[in-house]
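Commentary on secondary and tertiary structure
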Amino acid sequence: MSIDEKKLQEITLECKRALDRLDVVTPSVFASLFKQYAQEYGIEDLPENGACSEIVETQMASLVQLSQESGEKIEHLDATSKKALDAMVRGDEASLRESIDETEALRREIDRLKESVYTDPLTKAYNRQWLDAHSLDEEGRLTHPCHLAIVDLNYFKQINDTLGHIAGDKVLVYIANHLKTCGVPLVRYGGDEFLLLFEGSSETPEHIMQRCRKTLLKKKLKYHGLTFTSSFSYGIAECQEGTPFADALEEADTSMYEDKKRIKRDISPPFTSQPSQK
């Protein structure tokens, strides 16, 4: 059986999102939830071995390689730093210049590695690893005050069902690029959900999000001869330093679903001949 890796990734993200609020997750709970989402994505029979195992093995090999590269770069940087300090003590300007050049090259390599770790490969937004490393402490609390906005695309499943997942991916990239114009860190949180972190602005997050959505609604998207519009719903939570991220997300999520009810009274599905979806 051939299997769509992108679908598996989307299903996995959906499961992570749903399981975030559970204190205990057993293998059977995850398996049951994964099967449920798989059926929604049109995968009725998941192979226990074969294609799935190959995908996991490939990803694990990639992670091992990334870990090895990171360790090598850090060791090299440490050795170069010691070499530079020694050159400074000896007053050896030539060796010092050489060490500085090596350090700058290593810094660029480390930045490249950090980008691969912290960037969503599809949308080039930040990923959850970036959120954990830059905004949360070990207990999952926010490390700085901010407004947390969650964005969820409207009728995205209908776009996937009508045009296919390749078109859906293109819409996700387009929406992500549009959200980046808000000028704040953007995180792809899962599937068609994004987070924005507002940490201080002359304009309120509410006004920024409203303007962003209004602009998007005026845009016409085209794919294989079909023209359609896309939109999103959003919710915002005001957070203090130390606010549990799960609490902030739940508050923003609740607000987002209220917003979704309101906006769907004013906008139509992208393809009115199809049944209305999320």
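Residues numbered from 1 in each chain as written. Predicted model: local features only at pLDDT ≥ 70, side-chain atom pairs only at ≥ 80, totals over all residues. Heavy atoms only, no water.

Quick look at the overall build of the chain now. Of the regular secondary structure elements, the chain holds nine helices and six strands. Long-range pairs, those at least 24 residues apart, make up 68% of the contacts in the chain between residues at least 6 apart in sequence. Per element, the accessible surface of the chain, about 16100 Å² overall, is 51% carbon and sulfur. (Helix = DSSP H or I, 4+ residues; strand = E, 2+ residues; numbered from the N terminus. Contact = heavy atoms within 4.5 Å. Areas by Shrake-Rupley, 256 points an atom, 1.4 Å probe, with all protein chains shown as cover.)

The next thing to look at is the pattern of salt bridges. In the structure shown here, the tally under the stated rule is eight salt bridges. Residue Asp120 is joined to Arg188 by a salt bridge in which the shortest nitrogen-to-oxygen separation is 3.4 Å. Of the two residues, Asp120 is situated in the loop between helix H4 (93-118) and helix H5 (128-135) and Arg188 in strand E2 (residues 186-190); the sequence distance between them amounts to 68 residues. Overall, Arg188 belongs to the buried group, its relative accessible area being 7%. (Salt bridge = Lys/Arg side-chain N within 4 Å of Asp/Glu carboxyl O. Buried < 20%, exposed > 50% of the residue type's maximum accessible area, 1.4 Å probe, protein only.)

The subject of this paragraph is the environment of Arg211. Looking at where Arg211 falls in the secondary structure, it is placed in helix H8 (residues 205-217). Considered as a pair, Arg211 and Cys182 are 29 residues apart in the sequence and their alpha carbons are 9.3 Å apart. A polar side-chain atom of Arg211 sits 2.5 Å from a polar atom in the side chain of Glu203. (Polar contact = N/O pair within 3.5 Å; in protein donor to acceptor, adjacent residues only side chain to side chain.)

Let us now look at the pairing of strand E1 (residues 146-153). Looking along a regular strand, one sees the side chains alternate between the two faces of the sheet. Of all eight residues in E1, seven are buried, a share of seventy percent or more. Strand direction decides the pairing type here: E1 and strand E6 (residues 232-239), joined by eight bridges, are antiparallel. Counterpart to Cys146 in the pairing with E6 is Cys239. Direction of pairing for E1 relative to strand E3 (residues 193-198): antiparallel, over a ladder of six bridges. In the strand pairing of E3, Asp152 is matched with Glu193. (Pairing = 2+ DSSP bridges.)

Along the chain, Phe245 turns up in helix H9 (residues 245-263). Distance in space between the C-alpha atoms of Phe245 and Gly140 is 5.9 Å, their sequence separation being 105 residues. In this view, Phe245 contacts Leu131, Leu136, Gly140, Arg141, Leu142, Leu148, Tyr189 and Leu195; residues no more than four positions away in its chain are not counted.

A few words now on the state of the cysteines. Evaluation of the coordinates by the stated rule reveals zero disulfides. Note on Cys146: no disulfide assigned, nearest cysteine sulfur contributed by Cys239 at a separation of 4.6 Å. (Disulfide = S-S within 2.5 Å.)

The next thing to look at is the sheet that holds E3. Pairing is antiparallel in the open sheet, where four strands are placed in the order E2-E3-E1-E6. Two strands close off the open sheet at either side, each with one partner strand: E2 and E6. When the angles between neighbouring strand axes are averaged without regard to direction, this sheet yields 25°. On the sheet, H8 packs against E1, E3 and E6 and is oriented at approximately 170° with respect to E6. (Axes fitted to C-alpha atoms, helices over the stretch in contact; angles between N-to-C directions.)

The predicted model of the chain averages 80 in pLDDT, with 68% of residues at 70 or higher. No element of the chain has a lower mean pLDDT than helix H3 (residues 51-90), at 58, and none a higher one than E6, at 97. (pLDDT = per-residue confidence, 0-100.)

Under the counting rule described, the total for this entry stands at four aromatic pairs. Ring centres of Phe228 and Phe271 lie 5.4 Å apart, and the angle between their planes is 45°; this geometry places the pair in the tilted category. Placement of the pair is Phe228 in strand E5 (residues 226-228) and Phe271 in the segment after H9, with a sequence separation of 43 residues. Taken as a pair, Phe228 and Phe271 share a single burial class, namely buried. For Arg128, the ring lying beneath its charged end belongs to Tyr189, and the centroid distance is 3.8 Å. Positioned above the aromatic ring of Tyr155 is the side chain of Lys264, whose terminal nitrogen or guanidinium carbon lies 4.4 Å from the ring centre. (Phe/Tyr/Trp six-rings, centres within 6.5 Å; stacked < 30°, edge-to-face > 60°. Lys NZ or Arg CZ within 6 Å of the ring centre and 35° of its normal.)

With 16 residues, helix H7 (residues 165-180) extends 22 Å from end C-alpha to end C-alpha; this agrees with the ideal 22 Å at 1.5 Å per step. Ala167, Gly168, Asp169, Val171, Leu172, Ile175, Ala176, His178 and Leu179 are the residues of H7 that are buried. (Expected span 1.5 Å × (residues − 1).)

Take the side chain of Ser135 next. Tracing the backbone through its elements, the reader meets Ser135 in helix H5. Residue classification places Ser135 among the buried positions, given a relative accessible area of 2%. The residues contacting Ser135, other than those within four sequence positions of it, are Trp130, Arg141, Leu142, Thr143, His144 and Leu197.

With that out of the way, let us pick up a negative patch on the surface. The grouping of Glu238, Asp247, Glu250 and Glu251 at the surface amounts to a negative patch. With three residues, H9 is the single largest residue contributor to the negative patch. Structurally, Asp247 can be placed in helix H9. (Patch = residues over 30% accessible without salt bridge, like charges linked within 9 Å, V, L, I, M, F, W, Y side chains within 5 Å. Lys, Arg positive; Asp, Glu negative; His and termini not counted. Charge placed at Lys NZ, Arg CZ, Asp CG, Glu CD.)

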